[in-house]
Amino acid sequence: MTDQFSLTDDQIAIQETARRFTADAITPFAAQWDADSHYPVDVWKAAGELGFGGIYVSEEGGGIGLGRLEAALIMEAMAYGCAATSAHISIHNMATWMIDKFAGQELKDRYLPDLVPMDKIASYCLTEPGSGSDAAALSTTARLDGDHYILNGTKQFISGSGYNEIYVCMVRTGEHKVKGISCLVVDKDTPGVSFGKPEKKLGWNASPTAQVIFEDARVPVVNRVGDEGDGFKFAMMGLDGGRLNIGACSLGGAQRCLDETVNYVRERKQFGQAIGEFQNTQFTLADMATDLEAARALLYLAAAKVTTGAPDKTKFAAMAKKLASDSGSSIVDRALQMFGGYGYLCEYPIERFWRDLRVHRILEGTNEVMQMIIGRDLLRP
């Protein structure tokens with residue numbers, strides 16, 4: 001930032017690039033993707049050409065080496081068109097960053113040239129049927145057998161499952177709850193890897209979700225990211241950025257609904273005047289805009305802290321994710337109310353954002369877990 005409160009010229013240029021891309025390639029088509037449960041792989045490829053497949057992947061790894069604030073600006077801009085599409089760009093970036101940050105050179109050379117331009121798309125596999133908020137309780141096992149691991153278990157709620165080519169997976173290689181977790185890169189076509197049926201969801205229909213199932217799947221030891229036992233540490237480091245990104249997606253969706261509402265209340269007439277002329281409408285809009293700007297300011301601050309590795313980065317990432325996702329859902333809900341019955345119709349985008357943003361309070365750690373992180377930090381001696 002040029003000062004505490006302004007974006008640099010480079011950051012503004014990045015933001016404008018993402019906004020133009022969204023206006024051209026996402027916004028006009030998002031409603032149809034939602035209606036058809038269409039996974040817009042062609043859009044990923046176009047995003048990859050802009051560098052959006054390796055936003056915070058190092059330049060040595062082929063990425064564009066930006067910070068977490070720049071990533072948040074991109075996610076926010078893309079979510080203005082479709083929150084589900086933007087969120088999957090975040091997931092791909094987290095998985096790709098993990099390989100770039102922690103893997104050995106051979107693994108980087110094998111995967112990054114396809115992942116950074118999004119010629120191949122990555123999923124991130126941490127959650128299991130029995131381990132959600134208690135992520136370290138995962139039970140998918142990886143038993144060493146010569147120069148391979150034998151994987152058995154199931155991953156749950158995996159975005160892009162069955163469609164994406166690469167799966168960055170947290171698996172159990174030892175008995176210790178935390179230090180027994182390792183990270184493996186698994187190819188889609190690995191024998192013993194299969195996928196559950198696509199889940200029927202409230203929202204995020206443009207991003208398929210399904211189980212990833214391992215049944216004696218043999219994965220080479222050379223596909224391990226970092227050392228045995230380091231996986232959970234990598235997962236937690238990745239979540240700070242993931243929380244910022246999902247918060248940014250909430251900001252983008254909320255901004256879209258606020259803009260749509262402002263335009264609507266200017267035109268909609270009841271009792272002989274535009275409903276925007278009623279003080280109640282103006283007060284509601286004022287609260288929506290204020291909540292949005294407060295959440296945005298905290299998220300940008302948290303992004304700067306994560307980029308610089310500030311000691312309180314995890315607390316601020318949790319605060320920002322909680323405030324942005326809570327505020328985002330609330331803003332969209334108020335937008336729907338001001339649209340009245342029309343807000344409930346698929347003809348308008350409000351109901352789609354109402355459905356899509358609701359899951360942001362669950363993803364990347366529930367907002368209750370965010371409260372735990374913040375509270376424990378405040379009480380630390």
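Scroll up a little and you will see the structure.
Note that the structure is predicted; figures quoted are calculated from it, not measured.

How should I be thinking about the side chain of Lys-305 in this particular structure?
Within the fold, Lys-305 resides in helix 8 (residues 279-308). Residue classification places Lys-305 among the buried residues on the basis of a relative accessible area of 18%. Reaching out from Lys-305, the side chain makes a polar contact with the side chain of Asp-312 at a distance of 3.2 Å. Among all residues touching Lys-305, those that are not within four sequence positions of it are Ala-310, Asp-312, Lys-313 and Phe-316.

Help me understand the pattern of salt bridges, please; the structure alone is not making it clear to me.
Side chains carrying opposite charge are able to pair once their charged atoms draw close together. Per the stated rule, a full pass over the model turns up 18 salt bridges. Between Glu-16 and Arg-19 there is a salt bridge, with the nearest N and O atoms lying 3.2 Å from each other. Of this pair, Glu-16 and Arg-19 both sit in helix 1 (residues 9-25), three residues apart, which is roughly one turn of the helix. Looking at Arg-19, the relative accessible area reads 42%, which means it is partly exposed. Arg-361 is the salt-bridge partner of Asp-326, the closest N and O atoms lying 3.6 Å from each other. One end of the pair, Asp-326, is in helix 9 (residues 313-339); the other, Arg-361, is in the loop between helix 10 (350-358) and helix 11 (367-378), with 35 residues separating them in the sequence.

Please clarify how the packing of helix 4 (residues 68-79) against helix 5 (residues 83-102) should be interpreted in this entry.
The description of two packed helices rests on the angle between their axes and on the distance between the axes. Orientation of helix 4 relative to helix 5, taken along the N-to-C sense of each, is 150°, at an axis distance of 7 Å. Viewed along their axes, helix 4 and helix 5 adopt a mutual orientation that is roughly antiparallel. Between helix 4 and helix 5, the contacting residues are Arg-68, Met-75, Met-78 and Ala-79 on the first element and Ala-83, Ser-86, Ile-89, Ser-90, Asn-93 and Trp-97 on the second. Per-class residue counts for the contact of helix 4 with helix 5 are six nonpolar, three polar and one charged.

Got a minute to help me understand the packing of aromatic side chains in this structure?
Any aromatic ring pair is given by two values, namely how distant the centres are and how the planes are angled relative to each other. Within this structure, the stated rule accounts for 12 aromatic pairs. The interplanar angle of 65° and the centroid separation of 5.7 Å between the aromatic rings of Tyr-39 and Trp-44 together place this pair among those described as edge-to-face. Accessibility classification places Tyr-39 together with Trp-44 in one group, the buried group. Here the aromatic rings of Tyr-56 and Trp-97 are separated by 6.5 Å at their centres, their planes lie at 75°, and the arrangement is edge-to-face. Of this pair, Tyr-56 sits in the loop between helix 3 (41-49) and helix 4 while Trp-97 is found in helix 5, placing the two residues 41 residues apart along the sequence. For Tyr-56, a relative accessible area of 8% gives the class buried.

Just checking my understanding: could you explain the pairing of strand 5 (residues 181-187) for this structure?
Residues in a regular strand project their side chains so that they alternate between the two faces of the sheet. Within strand 5, six of the seven residues are buried, which leaves it mostly tucked inside the rest of the structure. As defined by bridge partners, strand 4 (residues 166-172) adjoins strand 5 across seven bridges and the pair is classed as antiparallel. Looking across to strand 5, one finds that Cys-169 is bridged to Leu-184.

What counts as what
- Residues numbered from 1 in each chain as written.
- Predicted model: local features only at pLDDT ≥ 70, side-chain atom pairs only at ≥ 80, totals over all residues.
- Heavy atoms only, no water.
- Helix = DSSP H or I, 4+ residues; strand = E, 2+ residues; numbered from the N terminus.
- Buried < 20%, exposed > 50% of the residue type's maximum accessible area, 1.4 Å probe, protein only.
- Polar contact = N/O pair within 3.5 Å; in protein donor to acceptor, adjacent residues only side chain to side chain.
- Contact = heavy atoms within 4.5 Å.
- Salt bridge = Lys/Arg side-chain N within 4 Å of Asp/Glu carboxyl O.
- Axes fitted to C-alpha atoms, helices over the stretch in contact; angles between N-to-C directions.
- Parallel < 35°, antiparallel > 145°, perpendicular 65-115°, else oblique.
- Nonpolar A, V, L, I, M, F, W, Y, C, P; charged D, E, K, R; others polar.
- Phe/Tyr/Trp six-rings, centres within 6.5 Å; stacked < 30°, edge-to-face > 60°.
- Pairing = 2+ DSSP bridges.

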